[in-house]
Amino acid sequence: MLSRVIPILPVPANAGPGVPWAVPRLSGEPAQLRRVLGALETALQDRLGWRLPAGTWLRELRLDEGEAFVAITPELGGACGPSAEVAFDTLRRLLPDTDIYVGAARG
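This is a predicted model, so every value here is computed, not measured. (Residues numbered from 1 in each chain as written. Predicted model: local features only at pLDDT ≥ 70, side-chain atom pairs only at ≥ 80, totals over all residues. Heavy atoms only, no water.)

K.L.:
Go over the pairing of strand S3 (residues 67-72), please, and point to the residues and values.
P.N.:
With five of its six residues buried, S3 lies for the most part within the structure. Note that strand S2 (residues 58-64) and S3 share six bridges and pair antiparallel. In the strand pairing of S3, Leu61 is matched with Val70. Two successive antiparallel strands, S2 and S3, enclose a turn made up of two residues, where Gly66 displays a positive phi of approximately 80°. Here S3 pairs with strand S4 (residues 99-104) via six bridges, running parallel. The residue of S4 that forms the bridge with Glu67 is Asp99. (Buried < 20%, exposed > 50% of the residue type's maximum accessible area, 1.4 Å probe, protein only. Helix = DSSP H or I, 4+ residues; strand = E, 2+ residues; numbered from the N terminus. Pairing = 2+ DSSP bridges.)

Written out as structure tokens, the structure is:
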């Protein structure tokens with residue numbers, strides 16, 4: 001019988017009260033995911049001053065052949081906020097020949 005493992009992670013101290021926290025869904029080649037996620041975190045920190053772990057603003061990062069998808073938590077700007085613009089610009093720089101989709105995560 002297969003068991004489902006549910007990770008239990010502490011909420012980071014710097015997440016602040018009321019900031020949602022979740023483990024983002026990641027899909028793609030692990031080394032590329034690490035590189036893109038690190039670049040996204042750095043870009044959000046540099047351009048928006050966010051010093052938040054990915055679990056507070058990212059719900060999904062999917063990197064497929066020729067396609068990248070990012071879902072940002074709606075509470076922190078979703079698809080219409082500055083975080084979406086930073087994510088798009090960062091992905092466009094890192095993955096120049098890739099179709100890029102940035103959207104708000106569903107509730």
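Structure shown, so let's carry the discussion forward.
K.L.:
Mind laying out the sheet that holds strand S1 (residues 25-27), listing which residues take part and the relevant values?
P.N.:
One open sheet accounts for four strands, arranged S1-S2-S3-S4; its pairing is mixed. Since the sheet does not close on itself, it has two edges, and those belong to S1 and S4, each with one partner. The average undirected angle you get between the axes of adjacent strands in this sheet is 5°. Across the sheet, helix H1 (residues 30-48) touches S1 and S2, and the angle it forms with S2 is around 130°. Contacting S3 and S4, helix H3 (residues 82-94) crosses the sheet at an angle of about 160° to S4. (Axes fitted to C-alpha atoms, helices over the stretch in contact; angles between N-to-C directions. Contact = heavy atoms within 4.5 Å.)

The values are spatial; any link to function lies outside them.
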